[in-house]
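Structural features, examined
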Number of protein chains: 4
Amino acid sequence: MLKVGDTSFFSKTISESDVYLFAGITGDFNPLHINAIEAENSIFGSRIVHGMLTGSFISTVLGTKFPGPGTIYLEQDLKFKKPVFIGDTVTANVIVSEVINFEKGIYKLDTVITNSKDEIVTEGYAIVKYCD
Amino acid sequence: MLKVGDTSFFSKTISESDVYLFAGITGDFNPLHINAIEAENSIFGSRIVHGMLTGSFISTVLGTKFPGPGTIYLEQDLKFKKPVFIGDTVTANVIVSEVINFEKGIYKLDTVITNSKDEIVTEGYAIVKYCD
Amino acid sequence: MLKVGDTSFFSKTISESDVYLFAGITGDFNPLHINAIEAENSIFGSRIVHGMLTGSFISTVLGTKFPGPGTIYLEQDLKFKKPVFIGDTVTANVIVSEVINFEKGIYKLDTVITNSKDEIVTEGYAIVKYCD
Amino acid sequence: MLKVGDTSFFSKTISESDVYLFAGITGDFNPLHINAIEAENSIFGSRIVHGMLTGSFISTVLGTKFPGPGTIYLEQDLKFKKPVFIGDTVTANVIVSEVINFEKGIYKLDTVITNSKDEIVTEGYAIVKYCD
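Residues numbered from 1 in each chain as written. Chains lettered and ligands numbered in written order. Predicted model: local features only at pLDDT ≥ 70, side-chain atom pairs only at ≥ 80, totals over all residues. Heavy atoms only, no water.

**Focus on the overall build of chain A**
- When helices and strands are counted, chain A shows four helices and five strands.
- Written out in order from the N terminus, the α and β elements of chain A read β-α-α-α-α-β-β-β-β.
- Each of the three principal axes of chain A carries a C-alpha extent, and together these read 55 × 30 × 20 Å.
- Sorting the 132 residues of chain A into buried and exposed places 55% on the buried side.
- Carbon and sulfur atoms make up 54% of the accessible area of chain A, which amounts to about 5,400 Å² in all.
- Taking the average location of the 11 positive side-chain charges in chain A and that of its 16 negative ones, the two points are 3 Å from each other. (Helix = DSSP H or I, 4+ residues; strand = E, 2+ residues; numbered from the N terminus. Buried < 20%, exposed > 50% of the residue type's maximum accessible area, 1.4 Å probe, protein only. Areas by Shrake-Rupley, 256 points an atom, 1.4 Å probe, with all protein chains shown as cover. Lys, Arg positive; Asp, Glu negative; His and termini not counted. Charge placed at Lys NZ, Arg CZ, Asp CG, Glu CD.)

**Some points on the pairing of strand 5 (residues 120-129) of chain D**
Residues and elements named next belong to chain D.
- As defined by bridge partners, strand 2 (residues 72-80) adjoins strand 5 across eight bridges and the pair is classed as antiparallel. The residue bridging Glu-75 from the neighbouring strand is Ile-127, located in strand 5.
- Sheet topology note: the strand 4 (residues 106-114)/strand 5 ladder contains nine bridges and is antiparallel. Counterpart to Leu-109 in the pairing with strand 5 is Ala-126.
- Where strand 4 folds back onto strand 5 in an antiparallel hairpin, the turn is made up of five residues, including Asp-118, whose phi is positive at roughly 65 degrees. (Pairing = 2+ DSSP bridges.)

**Digging into the relation of the copies chain A and chain D**
- When chain A is brought onto chain D, the operation consists of a screw motion whose angular component is 118 degrees and whose axial shift is 0.4 Å, with 0.1 Å RMSD remaining. In the structure described here, the two chain copies are related by an operation that fits a three-fold rotation axis. Taking C-alpha positions as reference, the residue of chain A nearest the rotation axis is A:Ser17, located at 3.2 Å. (Least-squares fit on C-alpha atoms with pLDDT ≥ 70 in both.)

**Focus: the side chain of B:His33**
Residues and elements named next belong to chain B.
- Residue position: His-33 is located in helix 2 (residues 31-34).
- According to the relative accessible area criterion, His-33 is buried, its value standing at 7%.
- His-33 has contacts with Val-19, Tyr-20, Asp-28, Arg-47, Ile-48, Val-49 and His-50, leaving out every residue within four places of it along the chain. (Contact = heavy atoms within 4.5 Å.)

**Concerning the sheet that holds strand 5 of chain D**
- If you trace the ten strands from one edge of the open sheet to the other, you get 1(C)-3(C)-4(C)-5(C)-2(C)-2(D)-5(D)-4(D)-3(D)-1(D), paired in antiparallel fashion. Single-partner strands in this sheet number two, and they are strand 1 (7-13) of chain C together with strand 1 (7-13) of chain D. Strand-to-strand twist of the sheet, defined as the mean angle between neighbouring strand axes without regard to direction, takes the value 20 degrees.
- Of the strand pairs in this sheet, strand 1 of chain D and strand 3 (residues 89-101) of chain D are connected by seven bridges, and their pairing is antiparallel. Its bridge partner being in strand 3 of chain D, D:Phe10 is matched across the sheet by D:Ala92. (Axes fitted to C-alpha atoms, helices over the stretch in contact; angles between N-to-C directions.)

**Examining the interface of chain A and chain B**
- Taken together, the contact pairs 34 residues of chain A with 34 residues of chain B.
- Interface of chain A and chain B: buried area, both sides summed, is about 2,900 Å²; carbon and sulfur atoms make up 61% of it.
- A per-residue breakdown of the area chain A buries against chain B is headed by A:Ile25, A:Met52 and A:Phe80, which together make up 23% of the total.
- The interface formed by chain A and chain B includes two salt bridges. (Buried area = accessible area lost by both parts, 1.4 Å probe. Salt bridge = Lys/Arg side-chain N within 4 Å of Asp/Glu carboxyl O.)

**Structural notes on the interface of chain A and chain D**
- Taken together, the eleven residues of chain A in the interface contact ten residues of chain D.
- For the pairing of chain A and chain D, the buried interface totals around 810 Å² over both sides, and the portion due to carbon and sulfur atoms is 67%.
- The three residues of chain A that bury the most area against chain D are A:Lys12, A:Thr13 and A:Ser17, which together make up 45% of that side's buried surface.
- Seen at the junction of chain A and chain D, the total is zero salt bridges.
- Across the contact surface, chain A and chain D share three residue pairs in polar contact (both at pLDDT 80 or more).
- The set of elements that each furnish at least two residues to the side of chain A that touches chain D consists of strand 1 (7-13) and helix 1 (16-26) of chain A.
- In terms of residue class, the side of chain A that touches chain D is built from two nonpolar, six polar and three charged. (Polar contact = N/O pair within 3.5 Å; in protein donor to acceptor, adjacent residues only side chain to side chain. Nonpolar A, V, L, I, M, F, W, Y, C, P; charged D, E, K, R; others polar.)

**Overview of the environment of B:Ile106**
All names here are of chain B.
- Mapping Ile-106 onto the fold places it in strand 4 (residues 106-114).
- With 85 residues separating them along the chain, Ile-106 and Leu-21 place their C-alpha atoms 33 Å apart.
- In contact with Ile-106, other than residues within four places in its own chain, are Leu-74, Val-99, Ile-100, Asn-101, Ile-127, Val-128 and Lys-129.

**So, the pairing of strand 4 of chain B**
Residue and element names in this part refer to chain B.
- Pairing analysis gives nine bridges linking strand 3 (residues 89-101) to strand 4, with the strands arranged antiparallel. Paired with Val-99 across the bridge in strand 4 is Tyr-107.
- Two successive antiparallel strands, strand 3 and strand 4, enclose a turn made up of four residues, where Gly-105 displays a positive phi of approximately 70 degrees.

**Remarks on the sheet that holds strand 5 (residues 120-129) of chain A**
- Taken together, the ten strands give an open sheet; going across it, the order is 1(A)-3(A)-4(A)-5(A)-2(A)-2(B)-5(B)-4(B)-3(B)-1(B), and neighbouring strands pair in antiparallel fashion. For this open sheet the edge positions go to strand 1 of chain A together with strand 1 (7-13) of chain B, each flanked by a neighbour on one side alone. For this sheet, the mean angle separating the axes of adjacent strands, direction not counted, is 20 degrees.

This is how it looks when you write it as structure tokens:
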């Protein structure tokens with residue numbers, strides 16, 4: 001049973017190999033992610049991490065730590081606020097914000113990802129079903 | 001300049017190695033994804049693909065095909081409707097549904113992912129900025 | 001503070017991609033692991049998993065679950081008792097068997113890895129330093 | 001037929017991608033390996049290589065060079081003496097130290113891994129069965 005305010009997180013330094021493997025799995029070879037020269041000439045100034053890769057660390061928290069195995073992922077909303085660069089250490093935070101349906105175990109969680117300067121790079125929410 | 005109704009897609013058969021590498025990058029080792037025995041005993045009956053991996057194929061369309069390089073990804077909403085299994089072939093479809101701000105190039109796109117039986121596995125929307 | 005009898009585990013179905021990536025990282029291209037034809041003609045009958053890969057799941061338990069982050073790994077002994085095949089689901093179990101030095105936080109743990117038939121594939125022990 | 005004193009080795013510079021892939025295969029996402037900031041604040045000062053990854057280079061020697069294909073790996077003992085950092089070049093050395101059972105082809109080998117400053121990072125022994 002989850003309570004409003006319950007929270008957990010996962011942190012990782014995102015390596016170039018993470019970005020390259022993610023591109024290889026998804027096919028998202030946008031030059032901003034895998035072409036250093038084009039990325040340097042872009043508004044970002046260097047290669048950035050796929051937003052969906054950073055966002056996936058929320059799934060890591062939900063599926064392995066809190067609520068953990070057994071969680072059914074119903075929805076994820078992600079607002080991409082700032083770029084994440086190769087080498088950045090990001091932290092995906094989840095916090096229960098609403099009990100949508102206690103009997104069915106449906107919860108809303110705020111999902112906020114920060115970089116090592118404590119800037120919010122991604123924010124949004126998840127809806128999960130979890131019956132313990 | 002994008003118009004309401006413009007559309008594109010990306011398809012891929014998701015292999016076991018895709019799922020295992022995605023687990024490896026994100027740390028999402030939820031047993032439903034990487035433990036065949038636990039998955040067989042779950043409500044799904046076999047190992048399922050991470051929802052965020054399937055969802056990432058939308059990013060592939062947006063960043064590489066349509067609107068393509070130069071697109072700035074502002075938001076992604078994903079509602080996970082049905083499980084995707086290892087070996088399924090999924091198609092991520094995007095279609096411009098609204099011109100939010102023509103001058104700034106802000107658009108809303110409906111994003112729908114189907115499996116090979118034409119069942120919707122994921123639906124939602126993306127907000128992008130694109131100035132051509 | 002750990003007590004004799006404290007225990008934890010980690011399970012994974014080992015995929016072909018796990019074995020191939022492990023070969024690629026370590027350079028251990030022994031044909032038994034990556035040549036299906038030679039492996040079929042060997043005493044094992046099909047490609048087997050690197051013993052050190054299976055053994056590494058003990059490190060996964062120690063470093064991420066129990067005792068968890070902060071654990072310093074001092075020694076690992078692994079006796080390879082039975083082959084593990086691609087597709088097998090293995091479980092790495094650790095159990096505290098001895099408090100070697102309470103003040104320095106030095107512990108011995110029995111480490112036993114089983115397959116899905118509950119056969120022991122690897123057994124041995126770990127020595128760790130852990131101060132909580 | 002192996003003789004006491006017979007020896008071989010394998011060297012590799014361990015890249016960040018090696019460590020990240022190893023974490024991805026094994027699930028060992030201990031922050032010391034994949035979180036640069038936590039690792040900087042630890043007693044090690046930067047991200048370290050998984051001990052079992054470094055130790056696996058012994059398997060590389062045994063399975064591919066000496067004694068080579070056909071070797072059956074019976075036991076590996078590893079004492080982790082010093083940390084290995086991303087970018088370090090390590091050398092795994094094996095040397096036959098004892099003929100345990102000549103007729104059955106059972107041998108003991110000392111296994112020592114050094115870094116590029118010739119410091120011992122890991123030491124221990126292997127037991128193998130090898131009939132040529």
